[in-house]
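Notes for the structure review
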Amino acid sequence: MQKIVLTICSINYLAQAKSLGDSLLQHNPDYTFLIGLVDRLDQSSIDKSQLPDYPLIELHTIGIEDLDELCDKYNITELNTAVKPFFMEYVYNTYPEAEIVHYFDPDILVFQALSDIESPLKNHSLVLTPHIVSPYPDTSRPQETDLLNTGIFNLGFLGTKRSPNTLAFLHWWKERLRDQCYIDLANGMFVDQLWVNFAPVYYDDVYISRHLGLNMAYWNLHERTLTGENIPYSVNDAVPLIFFHFSGYHPENPTEISKYQNRYTFQEKPDVATIFDQYAQILIKNGHEMYKKFPCFYIKAPVPKPRKRFLRVRKYLSLPFQKVVNFIDKVQI
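Analysis parameters
Residues numbered from 1 in each chain as written. Predicted model: local features only at pLDDT ≥ 70, side-chain atom pairs only at ≥ 80, totals over all residues. Heavy atoms only, no water. Helix = DSSP H or I, 4+ residues; strand = E, 2+ residues; numbered from the N terminus. Buried < 20%, exposed > 50% of the residue type's maximum accessible area, 1.4 Å probe, protein only. Lys, Arg positive; Asp, Glu negative; His and termini not counted. Charge placed at Lys NZ, Arg CZ, Asp CG, Glu CD. Pairing = 2+ DSSP bridges. Axes fitted to C-alpha atoms, helices over the stretch in contact; angles between N-to-C directions. Contact = heavy atoms within 4.5 Å. Salt bridge = Lys/Arg side-chain N within 4 Å of Asp/Glu carboxyl O. 1 Å grid on protein atoms, 1.4 Å probe; cavity = no way out; pocket = protein on both sides within 12 Å on 5 of 7 lines; lining within 4 Å. Points joined across faces, edges and corners; volume = space filled by probe spheres on them. Nonpolar A, V, L, I, M, F, W, Y, C, P; charged D, E, K, R; others polar. Left-handed = near helix turned anticlockwise from the far one by under 90°. Patch = residues over 30% accessible without salt bridge, like charges linked within 9 Å, V, L, I, M, F, W, Y side chains within 5 Å. Areas by Shrake-Rupley, 256 points an atom, 1.4 Å probe, with all protein chains shown as cover.

The protein chain is annotated in an unreviewed UniProt entry as Glycosyl transferase from Aquirufa ecclesiirivi.

Okay, here's the thing in structure tokens:
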């Protein structure tokens with residue numbers, strides 16, 4: 001039985017992808033690691049010798065119908081998430097021996113065998129991890145209202161096995177993301193994540209894991225504490241840390257846990273300081289400074305906004321009525 005982990009990124013994130021692959025295979029040598037590349041190697045100045053030693057599957061090679069239209073409508077974040085089910089379906093179709101295909105965001109490190117993901121898949125088709133399993137203690141960010149906007153589940157991870165329900169889910173998800181994968185909270189969209197709120201309703205073999213060692217990240221630090229100064233880590237002195245998600249962390253800003261949160265500093269959460277420092281060193285070792293300089297082929301140049309005419313008149317129209325009258329009087333004089 002073949003088991004696969006897929007990640008998706010552009011060239012500028014290959015240091016993260018390589019770090020994920022290395023950590024995965026260190027603890028799970030029976031897995032195959034694939035990188036779905038939302039980029040074009042033939043349009044990049046990167047040398048082949050600089051690429052990580054993992055299979056790279058370029059976006060334009062997986063047979064997405066109307067790919068140009070998909071690329072035109074989405075920004076780079078929306079595009080990277082919209083193509084997730086397309087890549088996963090491609091992997092199932094291309095690797096007929098694959099019985100398990102998990103998706104991991106590239107900014108993750110694996111610290112243990114993935115048996116706690118595989119075990120639920122014996123009786124289920126999908127494994128999801130909620131952002132949190134207990135309420136937030138205060139009004140710092142993120143809050144529960146943020147998760148109502150961005151999704152109950154974090155889709156930086158998705159565990160799947162080959163089954164009719166998995167293939168049906170991927171087809172349904174793919175069709176939704178083809179046209180509705182925008183960051184548009186006012187219209188009920190936040191890339192791929194909000195759609196998966198429906199998965200446990202539409203499919204009866206979805207497993208929602210409350211394992212505290214899965215998908216530990218900035219959004220659940222209020223309920224999880226790392227113990228141990230090195231691998232293997234434990235969470236709350238109760239369960240092993242399986243994988244940690246370094247979402248929103250950049251080694252260029254090593255004092256910030258994540259750009260998306262303001263609940264904790266490393267001084268207030270010293271239990272995670274070591275693991276972040278280790279991650280920064282791994283990224284540097286794996287070429288982060290080099291890879292981040294390569295522009296993504298699919299990033300569109302910003303469209304200049306047309307200059308609005310009559311700006312001076314529009315300015316005065318926004319003033320109180322008497323000021324408009326005074327302005328008109330002065331113009332007439």
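That covers the picture; the talk isn't over yet.
Of the regular secondary structure elements, the protein chain holds 12 helices and 14 strands. Residue burial in the protein chain is summarised as follows: out of 333 residues, 50% are buried. Distance between charge centres in the protein chain, computed from 31 positive and 39 negative side chains, equals 11 Å.

This part covers the sheet that holds strand β3 (residues 56-58). Overall, mixed pairing links the seven strands, which are arranged β3-β2-β1-β4-β7-β6-β10 in an open sheet. Two strands close off the open sheet at either side, each with one partner strand: β3 and β10 (206-208). Adjacent strand axes in the sheet meet at a mean angle of 25 degrees when their direction is disregarded. Across two bridges, the pairing between strand β6 (residues 126-128) and strand β7 (residues 157-160) is antiparallel. The residue bridging L126 from the neighbouring strand is T160, located in β7. Helix α4 (residues 84-94) rests against β1 (2-9), β2 (31-37), β3, β4 (98-104) and β7 of the sheet, and its axis sits at about 155 degrees to β4.

Scanning the entire structure with this criterion turns up 14 salt bridges. For K3, the salt bridge goes to E118, with nearest N and O atoms at 3.2 Å. Residue K3 is located in strand β1, and its partner E118 is located in helix α5 (residues 115-118); the two are separated by 115 residues in the primary sequence. Between E69 and K73 there is a salt bridge whose closest N-O contact spans 3.8 Å. Of this pair, E69 and K73 are both found in helix α2 (residues 67-73), four residues apart, which corresponds to roughly one turn of the helix.

A water-sized probe rolled over the atoms picks out the places where empty space is left. Roughly 1100 Å³ of volume is contained in the largest pocket. Along the walls of the largest pocket sit 42 residues, with T77, D105, D107, S247 and Y260 positioned nearest its centre. Secondary-structure elements contributing two or more residues to the lining of the largest pocket are β1, α3 (76-82) and α6 (144-150). It is α3 that contributes the most residues to the lining of the largest pocket, four residues altogether. Here the residues of the lining of the largest pocket sort into 20 nonpolar, 15 polar and seven charged. Each pocket or cavity is described by its volume, and for the second largest pocket that value is around 190 Å³. Contributing to the lining of the second largest pocket are 16 residues, with S19, S23, Q26, L109 and I282 lying nearest its centre. Within the residue set of the lining of the second largest pocket, elements represented by two or more residues are α1 (14-27), β5 (108-110) and α9 (273-285).

So, about the packing of α4 against helix α7 (residues 164-179). Across the interface, α4 lies against α7 with an axial gap of 8 Å and an inter-helix angle of 145 degrees. Viewed along their axes, α4 and α7 form a crossing whose handedness is left-handed. Between α4 and α7, the residues in contact are K84, P85, F86, M88, E89 and Y92 and T166, L167, L170, H171, W173, K174, L177 and R178, respectively. Within the contact of α4 with α7, the residues separate by chemical class into eight nonpolar, two polar and four charged.

Below, the discussion takes up a negative patch on the surface. Together, E65, D66, D68, D72 and E175 give the surface a local cluster of negative charge. Taking the relative accessible area as the measure of exposure, D72 reaches 57% and is therefore exposed.

Quick look at empty space enclosed by the protein now. Applying the stated criterion across every chain, the model contains one cavity of 30 Å³ or more. The volume enclosed by the largest cavity comes to roughly 40 Å³. Considering the residues around the largest cavity, the lining is formed by T129, P130, V133, S209, R210, H211, L214, N215, N220 and R224. For the lining of the largest cavity, the class distribution of residues is three nonpolar, five polar and two charged.

A surface patch of nonpolar side chains, amounting to about 320 Å² of accessible area, comprises F198, V201 and Y202. Looking at where Y202 falls in the secondary structure, it is placed in helix α8 (residues 199-202). What makes Y202 partly exposed here is its relative accessible area of 45%.

What follows deals with the sheet that holds strand β13 (residues 239-240). Remark on secondary structure: sheet strands pair via backbone hydrogen bonds, oriented parallel or antiparallel. The three strands lie next to each other as β11-β12-β13, forming an open sheet whose pairing is antiparallel. The open sheet terminates on both sides in strands that have one partner only, identified here as β11 (226-227) and β13. In terms of strand pairing, strand β12 (residues 234-235) meets β13 through two bridges, oriented antiparallel. In the sheet register, S234 faces β13, and the bridge partner there is P240.

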